[in-house]
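So the chains spell out like this:
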There are 2 protein chains.
Amino acid sequence: MRIPFNKPYLTGKEIEYIEDSLRRGDIGGDGYYTEKVTSLLESRFSLDKVLMTTSCTHALEMAADLIELKEGDEVILPSFTFPSTANSVINRGAKPVFAEIKKTTFNIDPSDIEKKITDKTRAVIPVHYAGVGCEMEQIHYLAEKYNLYIIEDAAQGVNAIYKDSYLGGIGDFACYSFHCSKNYVSGEGGALVINNCSNEIKDRAEIIRDKGTNRPHFLRGEVDKYTWVDKGSSYLPSDLLMAVLYAQLEEMDKIKHMREKIFRRYYDSLKQFLPGSFLDSISYIPEDRDSNYHIFYLKFNNREIRDFVMNRLQNKGITVSFHYIPLHSSPMGQKLGYRAEDLEVTLEVAATILRLPLYPDLSDEQLTYIIENIVDVFKEL
Amino acid sequence: MRIPFNKPYLTGKEIEYIEDSLRRGDIGGDGYYTEKVTSLLESRFSLDKVLMTTSCTHALEMAADLIELKEGDEVILPSFTFPSTANSVINRGAKPVFAEIKKTTFNIDPSDIEKKITDKTRAVIPVHYAGVGCEMEQIHYLAEKYNLYIIEDAAQGVNAIYKDSYLGGIGDFACYSFHCSKNYVSGEGGALVINNCSNEIKDRAEIIRDKGTNRPHFLRGEVDKYTWVDKGSSYLPSDLLMAVLYAQLEEMDKIKHMREKIFRRYYDSLKQFLPGSFLDSISYIPEDRDSNYHIFYLKFNNREIRDFVMNRLQNKGITVSFHYIPLHSSPMGQKLGYRAEDLEVTLEVAATILRLPLYPDLSDEQLTYIIENIVDVFKEL
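The structure contained in this document is the topic of the report that follows. (Residues numbered from 1 in each chain as written. Chains lettered and ligands numbered in written order. Predicted model: local features only at pLDDT ≥ 70, side-chain atom pairs only at ≥ 80, totals over all residues. Heavy atoms only, no water.)

Attention now moves to unusual backbone geometry. Residue and element names in this part refer to chain A. At the junction of Leu274 and Pro275, the peptide bond is cis and its omega measures out at -15° in the coordinates. Mapped onto the elements, Pro275 comes out in the loop between α10 (252-270) and β10 (279-282). Even without being a glycine, Ala130 presents a positive backbone phi close to 65°. With respect to the secondary-structure elements, Ala130 resides in the loop between β4 (121-124) and α6 (136-146). (Helix = DSSP H or I, 4+ residues; strand = E, 2+ residues; numbered from the N terminus.)

See below:
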């Protein structure tokens, strides 16, 4: 049996909506379906302002522009994340300062954030790993105390909850991803969320997203022609991609439930091996938050065991994966002056984590096959 | 009769290819159709290296990154262009220096480029307005003489020819647009062309486009895992959009021919009014180049006549348009220290140009209606 690591789930409505979008002819940015997904996200997650973007990367870059990040500034973020989190800081000339993660959730550790705050710190970017929220109460406390912006990297966090709030609705800004590897897909795509900000910030966001022009204001009839008013880039996604996304978001809870079922089966079948001589932990959701079940992982006691299990499963046709190579220990992190040993927990997690296939189309039969093979290899450890 | 200004043309294959892309499941960046459009563009236009991007704006930004544009640098470009041309320079901290256009083609004037070259000038960005090539021989001569990069802004120039070369195949870099307002559409989308550059530059381009990672090299089996190696952003278009584009590019000459027929009818019907007391010029293609017929324009003797004709046609249901508000005279241009009177020809062209509807779906009946109404209003002048 060959089991891929991931497969984008289709609800069946995608083609119908794409055809409709093509028929309307309005397939550039800010068309019919862009408005529909924007409204849906704003109302479902109680968000103040959503702007759909070409990617989560670009939403992060927009947030950096909106806080006017510049050379000399510092931003605190985990090293255990995708390069885009740090690129959004570097691309604006500022310095990413990497903080440690917690061993429980692999999310940024608030106590290490506080240690790394300096006079230059402008913002913190908590990354909600695996769709499980960061310690937002503590991070919010630090942000108030030291006057920092919070930019949530909720790339993996769409439709997950921390206490009473949806992820993305907590920080000053938040960034979602709808990349084809995520729970809800548009192919490539993302969104910037702006919470509790001034109208000036919201206006500026629209301008930056639309090539530095006041076209959004022109389309609303607020000015009689549009022109170049500020710097900006092109962050509007094609309406064709938003048509795909609308089909997905209409069924967001159904998709979440399908993922949860798989997550629970992994959890219930594998928790018996904890605490163990080879298994350190498995995916964990604190009681005060609700995951979107983006990732199920195993964490082993050392790299040799992880690699042994990984190879065995791969040989059985089961595609498993690990990530991330911690940013601070990557070639680019080294260029920035970081040393691998700077962040011990991060290094250890990256060396011992193993991610299992998790997607709605994973059949019961496939899931049974994966679990049986894991249990088999565990018997040898 | 109501006639829109533009309507994206569909070949009929778009949905079939989108369905195929969805079925393949590989709807992120660098999928099946991305490879197909890349090969098609490289072979059809004899280009060294093409990288499909999320937009022409982003292709321009990539070119700025690849020449390592930085604060203190200057780049010469026309003011008569879309804001993205200048934003790509400003976003990297450099200064856009606006040059005058020629009265014949509205393309950048090489004699004014030379006047504006300083020790700080790093590059020139010729914009091929309306799908008619700039004076590339003279620009190439200047670039050699003063050691400048040439970045062709060929947003409007796909499938047009200057002497023996397709536009996009002449400069060090070139940028195409497949925005829904262009001749060949993907919704939002573009491409970066790299001509005669080193392998280092091509490698770096792939890395910048893919979030600063060496994932492209990983996918080719050149490294055994991928990691963060440089700064970068997310410039890979969804394969769904490339599926749409492939349907378009397969029929690129048919589409060009349909546009040419409309262009010729405008030209043949309206040239009789030249030279005139109210009409200054109409769309013009020098004999040594071949247009892709992206735009047909009329240029009047003054703004009052232009506005009179524009209003009359709009009242008859014919959507006409003008552009650009010259960048140097826009609010952002003013912030950069330019004065409206700096570029006389540019100001005059922008005040007197009128663009007519031009797209394959424009019927004979609609075209006749437009021309008759133009001739009617001309009789009153």
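In this complex, chain B contributes 58 residues to the contact, which on the side of chain A involves 57 residues. Contact with chain A buries surface across chain B, with Leu22, Glu188 and Trp228 of chain B losing the most and accounting together for 17% of the total. In this assembly, chain B and chain A are joined by zero salt bridges. Looking at the side of chain B that touches chain A, the elements with two or more residues in it are α1 (14-24), α3 (56-66), α4 (83-90), α9 (239-250) and α12 (331-335) of chain B. Taken together, the residues that form the side of chain B that touches chain A break down as 28 nonpolar, 21 polar and nine charged. (Contact = heavy atoms within 4.5 Å. Buried area = accessible area lost by both parts, 1.4 Å probe. Salt bridge = Lys/Arg side-chain N within 4 Å of Asp/Glu carboxyl O. Nonpolar A, V, L, I, M, F, W, Y, C, P; charged D, E, K, R; others polar.)

What the rule picks out here adds up to 50 aromatic pairs over all chains. Taking 4.9 Å as the distance between ring centres and 80° as the angle between the ring planes, the aromatic pair formed by Phe273 of chain A and Phe378 of chain A counts as edge-to-face. Taken as a pair, Phe273 of chain A in the loop between α10 and β10 and Phe378 of chain A in helix α14 (residues 364-379) lie far apart in primary sequence, 105 residues in all. With respect to class, Phe273 of chain A is no different from Phe378 of chain A; both count as buried. Taking the centre distance of 6.3 Å and the plane angle of 50° together, the rings of Tyr149 of chain B and Phe173 of chain B count as tilted. With Tyr149 of chain B in strand β5 (residues 149-154) and Phe173 of chain B in strand β8 (residues 173-177), this residue pair connects regions lying 24 residues apart in the sequence. Residue Phe173 of chain B is classed as buried on the basis of its relative accessible area, which comes to 0%. Put simply, the rings of Phe80, Phe106, Tyr129, Tyr297 and Tyr324 of chain A touch in pairs and so form one group of aromatic residues. Stacked on the ring of Phe322 of chain A, the Lys or Arg Arg306 of chain A has its end atom at 4.6 Å from the ring centre. (Phe/Tyr/Trp six-rings, centres within 6.5 Å; stacked < 30°, edge-to-face > 60°. Buried < 20%, exposed > 50% of the residue type's maximum accessible area, 1.4 Å probe, protein only. Lys NZ or Arg CZ within 6 Å of the ring centre and 35° of its normal.)

On to the relation of the copies chain B and chain A, then. Of the transformation placing chain B onto chain A, the axial shift is 0.0 Å and the rotation is 180°, giving an RMSD of 0.0 Å. Those values place the two copies in the arrangement expected of a two-fold rotation axis. A high fraction, 98%, of the interface residues of chain B reappear at the interface in chain A, so the copies pair face to face through one surface. (Least-squares fit on C-alpha atoms with pLDDT ≥ 70 in both.)

With that out of the way, let us pick up the sheet that holds strand β11 (residues 289-290) of chain A. Residues and elements named next belong to chain A. Taken in spatial order, the three strands make up an open sheet running β7-β6-β11, and their pairing is antiparallel. Each edge of the open sheet carries a strand with a single partner, namely β7 (165-166) and β11. Where strand β6 (residues 161-162) lies against β7, two bridges are found, and the strand directions are antiparallel. If you follow Ile161 over to β7, its bridge partner there is Tyr166. (Pairing = 2+ DSSP bridges.)

In short, the description is geometric, and any link to function would need to be established separately.
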